[in-house]
Amino acid sequence: VQLQASGGGLVQAGGSLRLSCAVSGNKFDIISTGWYRQAPGNERELVASIAGKSSTTYQASVKGRFTISRDNAKNMVYLQMDGLTPGDTGVYYCYVQESVILRVYWGQGTLVTVSS
């Protein structure tokens, strides 16, 4: 399974970015997908996820500002990020978990930098 993340970049505080993750090669249905991020010196943390068809979970700090979505027909996962703050800076990684074997796959990460 391959994941290709894109959409990161440099943006000013208050701005928006939309991250995309293209998924290919999965043999089984994707039962869970989402985004983690890792800021310099910090551990990787969950930002948002979708389980099943539409059950979403958000980290408290992004709730109301970020929206995760998936397009099953296109095998894509998105993260719309609005109202960005410098605290959102980090490398964002998408992941998917396949059904049956329950293995988790990761994308290569895309860097988001929010300037104040």
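Look above for the structure.
To start, this report covers the structure provided alongside it. Keep in mind it's a predicted model, so treat the numbers as computed, not measured. (Residues numbered from 1 in each chain as written. Predicted model: local features only at pLDDT ≥ 70, side-chain atom pairs only at ≥ 80, totals over all residues. Heavy atoms only, no water.)

## Quick word on the state of the cysteines
So the rule is basically this: Throughout, a disulfide means two cysteine sulfur atoms within 2.5 Å of one another. Helix and strand assignments come from DSSP, with helices taken as H or I runs of at least 4 residues and strands as E runs of at least 2, each series counted from the N terminus. Burial here depends on accessible area, computed with a 1.4 Å probe over protein chains only, as a share of the maximum for the residue type. Under 20% is buried, over 50% is exposed, and the range in between is partly exposed.
One pass over the full model with this rule turns up one disulfide. Across the disulfide, C21 is cross-linked to C94 (sulfur-sulfur distance 2.1 Å). Here the disulfide of C21 and C94 is right-handed, its torsion about the S-S bond being about 60°. Taken as a pair, C21 in strand β3 (residues 17-24) and C94 in strand β9 (residues 90-98) lie far apart in primary sequence, 73 residues in all. Looking at C21, the relative accessible area reads 0%, which means it is buried.

## A look at the nonpolar core
For the record, the criterion: To define a nonpolar core, start from buried Ala, Val, Leu, Ile, Met, Phe, Trp, Tyr and Cys residues and group those joined through side-chain atoms within 4.5 Å. The contact rule is simple, with two residues in contact once any of their heavy atoms fall within 4.5 Å.
Counting residues in hydrophobic clusters, the biggest one holds 26 residues, and the most contacted among them are W35, F66, I68, L79, M81 and Y92. Of all the secondary-structure elements, those providing two or more residues to this core are β1 (2-6), β3, β4 (30-38), β5 (45-51), β7 (66-71), β8 (76-81), β9 and β11 (110-115). With four residues, β3 is the single largest residue contributor to this core. For I68, the residues in contact, after removing those within four places along its chain, are T33, G34, W35, A48, S49, I50, T56, Y58, V77, Y78 and L79.

## Some details on the side chain of Q59
The test is simple: Pairing of N or O atoms within 3.5 Å defines a polar contact, subject to two protein rules: one partner must be a possible hydrogen donor and the other a possible acceptor, and residues neighboring in sequence count only if both atoms are side-chain atoms.
One can find Q59 in the loop between β6 (55-58) and β7. A distance of 3.3 Å separates a polar atom in the side chain of Q59 from a polar atom in the side chain of R37. Residues contacting Q59, with those up to four places away along its chain left out, are R37, E45, L46 and V47.

## Here's the deal with unusual backbone geometry
One non-glycine residue, N75, lies in the positive phi region at around 55°. As for its placement among the helices and strands, N75 is situated in the loop between β7 and β8. Assessed through its relative accessible area of 26%, N75 is described here as partly exposed. Phi at V100 takes a positive value of approximately 70°, unusual for a residue other than glycine. Positionally, V100 belongs in the loop between β9 and β10 (104-106).

## Quick word on the environment of Y105
Looking at where Y105 falls in the secondary structure, it is placed in strand β10. For Y105, a relative accessible area of 13% gives the class buried. For the pair Y105 and Q12, spaced 93 residues apart in the sequence, the C-alpha separation amounts to 31 Å. With near-sequence residues (within four places) excluded, Y105 lies in contact with V1, L3, C94, Y95, V96 and E98. A polar atom in the side chain of Y105 sits 3.3 Å from the side chain of E98.

## Concerning the environment of V23
Within the secondary structure, V23 is located in strand β3. With near-sequence residues (within four places) excluded, V23 lies in contact with V1, Q2, L3, N75 and V96.

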